[in-house]
Amino acid sequence: MISIPDQSKKLLFLLVKILIVGGAFYFIYSQLANNDKLDWEQFIVVFKKNQSVLGIGFILLLSILNRFFEILKWQNLVSFLHKISLAEATKQVLGALTAGLFTPNGVGEYAGKAMFFDKKSTKKIIFLNLICNGIQMILSVVFGIFGLFYFNSQFNIITPKTVLSLFALCFLLFGILFFSKKINIKGYSFEKLIHKINDIPKSIHHKNILLAICRYLVFSHQYYFLFLAFDVDLPYITLMATIASVYFLASSLPTFQFLDFAVKGSVAVYFFGILGVNEWIVVFISTLMWFLNVVLPVIIGSYYVMNFKIKTVQ
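Just so you know, the residues in each chain are numbered from 1, in the order the chain's sequence is written. Local features are withheld for residues below a pLDDT of 70 in this predicted model, meaning they are given only at 70 or higher, and side-chain atom pairs are given and counted only at 80 or more; totals for whole chains, interfaces and linings count all residues. Only hydrogens and water are set aside when side-chain values are computed; all heavy atoms of the structure are taken into account.

Taking an unreviewed UniProt entry as the reference, the chain is identified by name as Flippase-like domain-containing protein belonging to Flavobacterium cellulosilyticum.

See below:
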C-alpha cells in the first residue's frame, strides 16, 4: 500500500473541510440570491408593519429550542455507549448537520457523527443516529396522517375510496414486514433490528420519544406563528393540520438539506393555495424556516467542522 505522509494527510483533510464549509455557504447564498419567487419588497412592507423585538426574539428562541431538543436527543442516545457533555453533543450534531448538507436526506450526517468516535463504534453510532432520526420520522408520519385526514375532511382532496385503499396498502405493507421479519439480507433482518432496539434501556427510549415530541411541537408551531406574523388568519386546527400534512409529504420525498425549503415550499404552496394563502407568503415562510433551522445551525456547525482534528479519525 502507498503510505501518505502525515503532513499530506493534514493538508488533504484541511482541503476537505474547506470544501464542505465553502460549498455550504455557496449553496446558501445561491438559494437566497437567485430565488425569483422571494418578493423582498412585500416582505419588507409586512416586516415594517408587524416588526416586534419580542416577536423576532420568540421566533429565534423556537429555532434554538428546535436544535436544543435534537442535541438532547443525541446526548441521551449516546449515553447508551458512554456519557458525553452537552457541549460535545452540540459539536457532533451541528458538525454532522453541516457535513450532511449535500447528501440525499442528510445521509452524510450519519458518517459525520461517526467521525467523532472510534472506528470500532461506527456501526453503533450509525444505528443510534437511525433511532434518533427514526422517531422524528415516525412522529411526522403519525401527525401527518391525522393532519391529512382532517384536511381532506374539510376540502375533499381525495375520495373515501382512495382513503380506504391507502389504509389497505398500509396494512398490507405492515403484514409483509411482520411475516418477513426472519428473512436475512446480508446478515440483517427486521427481527434482529427489533432485538437491537430492545437492547437499549426503555428509559432512554422514553426520553427520546418525549424529546422528539417536544421538537416536533416546537418547529410546527414556529411555522404556525410565522403565518400569524404574515397576517394569515385561519383556524388553529386547520393551520396545524395543513402544516403537519406538508411536513409529512415533504419528508417522504428524497431531497438534499440545502434544497429542503424548495421541496417543503412546493408542497406547502399547493396545500396553502387551497386555503387561499398567497404563494409569496408560503414561499417566504418556507424559506425563513429553512434559514432559521438549517442555515443558522450550519453556520455554527461550520466552526466545528473547521476545528475538527484529524487525529480523531485515525
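## Quick look at the side chain of Ser 302
Comment: elements are numbered from the N terminus, with helices defined as DSSP H or I runs of at least four residues and strands as E runs of at least two. On the secondary structure map, Ser 302 appears in helix α12 (residues 279-306). Polar contacts, as counted here, are pairs of nitrogen or oxygen atoms within 3.5 Å of one another; within protein the pair requires one atom able to donate a hydrogen and one able to accept it, and residues that are adjacent in sequence qualify only if both atoms are side-chain atoms. Side-chain polar atoms of Ser 302 contact the backbone oxygen of Val 298, separated by 2.7 Å.

## Some details on helix α4 (residues 86-99)
Spacing of three or four residues puts side chains on the same side of an α-helix, whose turn is 3.6 residues. Compared with the 20 Å implied by 1.5 Å per residue over 14 residues, the 20 Å span of α4 between its first and last C-alpha is a close match. To sort residues, take the accessible area from a 1.4 Å probe on protein chains only and compare it with the maximum for the residue type: under 20% means buried, over 50% means exposed, and anything in between is partly exposed. Within α4, the full set of buried residues consists of Ala 89, Thr 90, Gln 92, Val 93, Leu 94, Gly 95, Ala 96, Leu 97 and Thr 98. What a helix is expected to span follows from its residue count: subtract one and scale by 1.5 Å.

## Thoughts on the packing of aromatic side chains
Stacked, tilted and edge-to-face are the three classes assigned to paired rings of Phe, Tyr and Trp, where Trp is represented by its six-membered ring and a pair needs centres within 6.5 Å; plane angles under 30 degrees give stacked, over 60 edge-to-face, the rest tilted. What the rule picks out here adds up to 18 aromatic pairs. Pairing Tyr 216 with Phe 219 gives two aromatic rings, centres 5.2 Å apart and planes at 65 degrees, and the pair type is edge-to-face. Within this pair, Tyr 216 and its partner Phe 219 are both found in helix α9 (residues 202-229), separated by 3 residues, close to a single helical turn. On the basis of relative accessibility, which here comes to 4%, the residue Tyr 216 falls in the buried class. Under the relative-accessibility criterion, Phe 219 is labelled buried at 8%. Feature note: the residues Phe 143, Tyr 216, Phe 219, Tyr 223, Phe 227, Tyr 247 and Phe 272 constitute an aromatic cluster, connected by ring pairs. Lysine NZ or arginine CZ positioned within 6 Å of the ring centre and within 35 degrees of the ring normal marks a charge as sitting over the ring. Above the plane of the ring of Trp 74 lies Lys 113, whose end atom (NZ or CZ) is 4.1 Å from the centre.

## Some details on the UniProt feature "transmembrane region" (unreviewed entry) in the chain
UniProt's entry tags residues 12-32, 52-69, 125-151, 163-180, 209-230, 236-254, 261-282 and 288-306 with the feature "transmembrane region" (unreviewed entry), counted in the numbering of this structure. Note that residues 209-230 is 95% helix and 0% strand, and that its end C-alpha atoms are spaced 32 Å apart. Along residues 288-306 the backbone is 100% helical and 0% strand, and the end-to-end C-alpha distance reaches 26 Å. UniProt positions are given in the numbering used here, feature names are shortened, and annotations may be inferred rather than shown by experiment.

## Some details on the pattern of salt bridges
The salt bridge definition used is simple: a Lys or Arg side-chain nitrogen within 4 Å of an Asp or Glu carboxyl oxygen. The full count for this structure, using the stated rule, is 4 salt bridges. For Lys 73, the salt bridge is made with Glu 70, and the minimal N-O distance between the two is 3.2 Å. Here Lys 73 and its partner Glu 70 are both found in helix α3 (residues 53-78), 3 residues apart, which amounts to about one turn of the helix. The residues Lys 73 and Glu 70 share a single accessibility class, namely buried. A salt bridge links Glu 70 to Arg 215, with the shortest nitrogen-to-oxygen separation between them at 3.0 Å. Of this pair, Glu 70 sits in helix α3 while Arg 215 sits in helix α9, and the two are 145 residues apart along the sequence. This pair shows no difference in class: Glu 70 is buried, exactly as Arg 215 is. The network of salt bridges with common partners includes Glu 70, Lys 73 and Arg 215.

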